[in-house]
Amino acid sequence: MHRSVATIFTHTAIPLALGFALGKRVIPRRLLEFGILASILPDADVVAFRFGIPYESMFGHRGLTHSILFAVLTGLAFTAFSKIGRERRRTVFLFSAFATISHGLLDALTNGGLGVGFFMPFSPQRYFFPADWIEVSPIGVGFFSARGLTVLRSELLVVWLPCLAVGLLGFALRHWMRRLAERNPL
Ligand SMILES: [Zn+2]
């Protein structure tokens, strides 16, 4: 089975971290849900395997749905259908488009499968980042020899920990700034 980042849930770390860092006033709960959905949406393309569409195809895995164009279209679609106020439209677009493209960015950090077609359909080229930080294939033997554990460990280190740090940093910064504003009213 070709997987992108081993667990699809890991993709949700990005919108979760951003939502936590920016807070409910910027990213209301509903929008956070959009972001979570957007971050896993690109992997709907795994149905391509069922239909016998080859991985290398533009419609194959990590193809068109992992492109920048798809992220922009997803952002526009969420913005059009969202009931979040008009004045929030730009935030809805940016947050859902970013959550969508973040999926491909994480996939491009893995060391397995084919690269990501960021510029499809304009270019068939598929990309990996030079750093393959996220484990897709098993390494070593012993206690952590189980493939699942290895993958989980690399995802925890490379995705969840930095996301947690970003989320906490944003949270702390927000509260610190609010305190400061309360103490020094203009
Ligand atoms: Zn993917």
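Above this text you will find the structure in question.
What counts as what
- Residues numbered from 1 in each chain as written.
- Predicted model: local features only at pLDDT ≥ 70, side-chain atom pairs only at ≥ 80, totals over all residues.
- Heavy atoms only, no water.
- Helix = DSSP H or I, 4+ residues; strand = E, 2+ residues; numbered from the N terminus.
- Buried < 20%, exposed > 50% of the residue type's maximum accessible area, 1.4 Å probe, protein only.
- Polar contact = N/O pair within 3.5 Å; in protein donor to acceptor, adjacent residues only side chain to side chain.
- Axes fitted to C-alpha atoms, helices over the stretch in contact; angles between N-to-C directions.
- Parallel < 35°, antiparallel > 145°, perpendicular 65-115°, else oblique.
- Left-handed = near helix turned anticlockwise from the far one by under 90°.
- Contact = heavy atoms within 4.5 Å.
- Nonpolar A, V, L, I, M, F, W, Y, C, P; charged D, E, K, R; others polar.
- Expected span 1.5 Å × (residues − 1).
- Arc of directions from axis to C-beta.
- Donors = N, O, S within 2.8 Å, 3.2 Å for Na, K, Ca; no water.
- Tetrahedral: all angles 85-135°; square planar, octahedral: opposite > 155°, others 65-115°.

Visitor: I keep staring at the side chain of arginine 62 and nothing clicks. Help me out?
Guide: You can see arginine 62 is positioned in the loop between helix H3 (47-50) and helix H4 (68-81). Judged by its relative accessible area of 0%, arginine 62 is buried. Within the structure, arginine 62 has its side chain in polar contact with the backbone oxygen of leucine 114 (distance 2.5 Å).

Visitor: I tried to follow the packing of helix H1 (residues 13-22) against helix H2 (residues 29-40) on my own but got confused; where do I start?
Guide: Two numbers describe a pair of packed helices, the interaxial angle and the distance between the axes. H2 packs onto H1 with a crossing angle of 155° between their chain directions and a minimal axis gap of 8 Å. When the axis of H1 is compared with that of H2, the two are roughly antiparallel. In this structure, H1 meets H2 at a crossing whose hand is right-handed. Contacts from Pro15, Leu16 and Gly19 of H1 reach H2 at Leu32, Gly35, Ile36 and Ser39. Split by residue class, the contact of H1 with H2 holds 4 nonpolar, 3 polar and no charged.

Visitor: I keep staring at the packing of H2 against helix H5 (residues 89-107) and nothing clicks. Help me out?
Guide: Where H2 contacts H5, the axes come no closer than 7 Å and their chain directions differ by 30°. Relative to H5, H2 is oriented roughly parallel. Judged by the sense of rotation from one axis to the other, the crossing of H2 with H5 is right-handed. Across the interface between the two elements, Leu31, Leu32, Phe34, Gly35, Ala38, Ser39 and Ile40 of H2 pack against Thr91, Val92, Phe95, Ser96, Ala99, Thr100 and His103 of H5. Among the residues making up the contact of H2 with H5, the classes are represented as 8 nonpolar, 6 polar and no charged.

Visitor: Looking at this structure, I do not really get H2. What am I missing?
Guide: Since the α-helix turns once every 3.6 residues, residues separated by three or four places project in the same direction. Taking 1.5 Å per residue as the helical rise, H2 with its 12 residues ought to reach 16 Å, and the 17 Å between its terminal C-alpha atoms agrees with that figure. Inspection of H2 places Leu31, Leu32, Phe34, Gly35, Ala38 and Ser39 among the buried residues, and these make up the whole buried set. The buried residues of H2 occupy an angular sector of 155° when the element is viewed end-on, so they sit on one face. Counted as exposed and oriented over 90 degrees from the buried face of H2: Arg29 and Arg30. Where H2 is buried, its residues touch H1, H4 and H5.

Visitor: Quick question: what am I supposed to make of the coordination of the zinc ion here?
Guide: Between any two of four tetrahedral donors, the ideal angle at the metal is 109.5 degrees; between two of six octahedral donors, it is 90 or 180 degrees. Every protein donor of the zinc ion is accounted for by Asp43 (OD), His66 (NE2), His103 (NE2) and Asp107 (OD), and the metal-donor separations fall at 2.1 to 2.2 Å. Each of the 4 donor atoms bound to the zinc ion contributes to angles spanning 89 to 171°, and the resulting shape is irregular. Motif for the zinc ion, donor spacing along one chain: D-x22-H-x36-H-x3-D. Pair noted here: histidine 66 is in the loop between H3 and H4 and histidine 103 is in helix H5, with a separation of 37 residues, a long-range link.

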